[in-house]
Amino acid sequence: MDRKIYGAILFIQAIYTGMFLLSKVAFDVGMNPFVFVFYRQSAATVFLAPIALFLERKTAPPISFLICLKIFMLSLFGVTLSLNIYGVALKYTSATLAAATTNSLPVTTFILAVLLRMETAKMRTRAGIAKVMGIVLCAGGALTIAFFKGPTLKLLLHHHLFSYKGEVQNTAASGNSWIKGVFLMLLANALWATWLVMQNRILKSYPSKLLCTTLQCFMSTIQAFVFAIALARDPSEWRLGWNVRLLSVAYCGIVVTGVTFYLQAWVVEKKGPVYLAMTTPLALIFTIASSAVLFGEIISLGSILGGILLVGGLYSVLWGKSREHKIAASNTGDIEQAENGSRKEEIVEKQSSIPNARIQQHASYPA
């Protein structure tokens, strides 16, 4: 089971790497972010709906009005608003920064999970200290990559596949636009963290993961259309051709939203929201390497140092969680062993009391 979870996590982060790169290219060539979200969610709904109906139509529990309302609100804040804000922020920043600020997810998710009593932070234990230190390292790594560049490091084999220079990169270099982009990206990730935490609670009341994901995509499609029709009035912004716009919409809609959201729901159900959030540094490492190879982006020393901090924070939190699981398992084993021992003593006492009762019974008879 652990190998399947690790494989799913690597696959999820590799898919998100492609999302960062393709989304940035699509926005830089002029695609409207609000229209992009609408097309993306529409593609995901069309892709997932027949699969969900075929696989879970007979086994899915009935949907009550309360569950439907919860899924609608979860889609609004965790999917629609998060993706729209993310798209606007990406126009002001870069794919590497998008992957870097995604590492604010562990901080926000951990805080939300503690407030909702889904996680514990025991500062008097080594496991609790390791988890908190991991959160601090992740935050420090993300800040290092975002605000410290340092000297640049050129690759030995610097033969990138695409000679791409985004039009918005010059705008992103200005201080005000860059700070605005970072703030919006952090806000989008905070909404995403809320989605991760609340997703776990909704799946407990409605366990059909695939159908729940499809409903979220369908509802977010309607919500995204309202935002897009209000903020994108130019008909040319809605056109899709055989170019990077269509490729990014198909990839983000089918692969990211359709496949990754389902895999995330499965990982959250097995390991919890904080465990999934702590694996986001992997997407940053993949994005830095891919940006250098595909687009010729020069890797800075700040990116390397930040990546090291993020990986260190990742393993620190994972060590703390595994330590807590081992302690909990050993405590459960001791309790079961004690219960089994007490049961054995009761059985021995009952068995020993049977001969004594027989002796007393025979002694009561006259000789």
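Residues numbered from 1 in each chain as written. Predicted model: local features only at pLDDT ≥ 70, side-chain atom pairs only at ≥ 80, totals over all residues. Heavy atoms only, no water.

- Labelled according to an unreviewed UniProt entry, the protein appears under the name WAT1-related protein, originating from Nicotiana attenuata.
- UniProt annotates the protein under Subcellular location (unreviewed entry) with the comment "Membrane". (UniProt positions renumbered as here; feature names shortened; annotations may be inferred.)

Examining the overall build of the protein
Logical step 1: A tally of regular secondary structure across the protein gives 13 helices and two strands.
Logical step 2: Looking at the protein as a whole, 47% of its 367 residues qualify as buried.
Logical step 3: Within the protein, contacts between residues at least 6 apart in sequence are counted, and of these 91% link residues at least 24 apart.
Logical step 4: With an accessible surface of roughly 19,100 Å², the protein has 67% of that area assigned to carbon and sulfur atoms. (Helix = DSSP H or I, 4+ residues; strand = E, 2+ residues; numbered from the N terminus. Buried < 20%, exposed > 50% of the residue type's maximum accessible area, 1.4 Å probe, protein only. Contact = heavy atoms within 4.5 Å. Areas by Shrake-Rupley, 256 points an atom, 1.4 Å probe, with all protein chains shown as cover.)

So, empty space enclosed by the protein
Logical step 1: In this structure the tally under the stated criterion is four cavities of 30 Å³ or more.
Logical step 2: Within this model, the largest cavity holds a volume of roughly 150 Å³.
Logical step 3: Lining the largest cavity we find 14 residues, and of these M19, S82, L83, Y86 and W192 sit closest to its centre.
Logical step 4: Where the lining of the largest cavity is concerned, the elements lending two or more residues are α1 (2-28), α3 (65-92) and α8 (175-205).
Logical step 5: Ranked by the residues each element gives to the lining of the largest cavity, the list is headed by α3, at five residues. (1 Å grid on protein atoms, 1.4 Å probe; cavity = no way out; pocket = protein on both sides within 12 Å on 5 of 7 lines; lining within 4 Å. Points joined across faces, edges and corners; volume = space filled by probe spheres on them.)

Describing the environment of L186
Logical step 1: With respect to the helices and strands, the residue L186 is situated in helix α8.
Logical step 2: Judged by its relative accessible area of 37%, L186 falls in the partly exposed class.
Logical step 3: Sequence separation of L186 and S104 is 82 residues, and the distance between their C-alpha atoms is 6.9 Å.
Logical step 4: Those residues in contact with L186 that sit more than four places away from it in its chain are T101 and S104.

A look at the layout of surface pockets
Logical step 1: Approximately 330 Å³ is the volume found for the second largest pocket.
Logical step 2: Secondary structure elements with two or more residues in the lining of the second largest pocket: α1 and α13 (301-364).
Logical step 3: Per-element accounting of the lining of the second largest pocket gives the leading share, six residues, to α13.
Logical step 4: In terms of residue class, the lining of the second largest pocket is made up of eight nonpolar, three polar and two charged. (Nonpolar A, V, L, I, M, F, W, Y, C, P; charged D, E, K, R; others polar.)

Side note on the packing of α1 against helix α12 (residues 281-294)
Logical step 1: One way to put it is that α1 packs onto α12 with a least axis distance of 9 Å and a crossing angle of 45°. By the angle between their axes, α1 is oblique relative to α12. Between α1 and α12 the crossing geometry is right-handed. Within the contact between the two elements, α1 uses I9, L10, Q13, A14, T17, F20 and L21 and α12 uses L282, A283, F286, T287, S290, S291 and L294.
Logical step 2: When its residues are assigned to classes, the contact of α1 with α12 shows nine nonpolar, five polar and no charged. (Axes fitted to C-alpha atoms, helices over the stretch in contact; angles between N-to-C directions. Parallel < 35°, antiparallel > 145°, perpendicular 65-115°, else oblique. Left-handed = near helix turned anticlockwise from the far one by under 90°.)

Quick look at the nonpolar core
Logical step 1: In terms of nonpolar packing, the biggest core is built from 86 residues, with Y16, M19, F20, Y86, L196 and V267 touching the most fellow members.
Logical step 2: The biggest single contributor to this core is α1, with 13 residues.
Logical step 3: Other than its neighbours up to four places away in sequence, Y86 contacts M19, F20, S23, A98, M185 and A188. (Core = buried A, V, L, I, M, F, W, Y, C linked by side-chain atoms within 4.5 Å.)

Quick look at the environment of A26
Logical step 1: Of note, A26 is situated in helix α1.
Logical step 2: Along the primary structure A26 and R245 are separated by 219 residues, whereas in three dimensions their C-alpha atoms are 5.3 Å apart.
Logical step 3: In contact with A26, other than residues within four places in its own chain, are M31, V244 and S248.

Considering α3
Logical step 1: Here α3 is 28 residues long and its end C-alpha atoms lie 40 Å apart, about the 40 Å a rise of 1.5 Å per residue gives.
Logical step 2: When the local axis directions of α3 are compared, the greatest deviation, roughly 35°, occurs at L76. (Expected span 1.5 Å × (residues − 1). Bend = angle between axes of the 7 residues up to and from the residue.)

What to know about the side chain of Q199
Logical step 1: Here Q199 is to be found in helix α8.
Logical step 2: In contact with Q199, other than residues within four places in its own chain, are L74, Q216 and A265.

Thoughts on the side chain of Q223
Logical step 1: As for its position among the elements, Q223 is in helix α9 (residues 209-231).
Logical step 2: For Q223, a relative accessible area of 6% corresponds to the buried category.
Logical step 3: A polar contact of 2.7 Å, which involves the side chain of Q223, links it to the side chain of T80.
Logical step 4: In contact with Q223, other than residues within four places in its own chain, are F72, S75, L76 and T80. (Polar contact = N/O pair within 3.5 Å; in protein donor to acceptor, adjacent residues only side chain to side chain.)

Quick look at the packing of aromatic side chains
Logical step 1: Applying the stated criterion across every chain, the model contains eight aromatic pairs.
Logical step 2: Measuring from ring centre to ring centre gives 5.2 Å for Y16 and W192, while their planes differ by 65°; the resulting arrangement is edge-to-face. Taken together, the residues Y16 in helix α1 and W192 in helix α8 connect sequence positions 176 residues apart.
Logical step 3: Measuring from centroid to centroid gives 5.1 Å for F27 and F36, while their planes differ by 80°, and the two rings are edge-to-face. (Phe/Tyr/Trp six-rings, centres within 6.5 Å; stacked < 30°, edge-to-face > 60°.)

Here's the deal with a nonpolar patch on the surface
Logical step 1: Among the surface-exposed residues, F65, L66, L69, F72, M73 and F77 lie close enough to one another that they form a single nonpolar patch of about 610 Å² accessible area.
Logical step 2: Looking at the secondary structure, you find M73 in helix α3. (Patch = residues over 30% accessible without salt bridge, like charges linked within 9 Å, V, L, I, M, F, W, Y side chains within 5 Å. Salt bridge = Lys/Arg side-chain N within 4 Å of Asp/Glu carboxyl O.)

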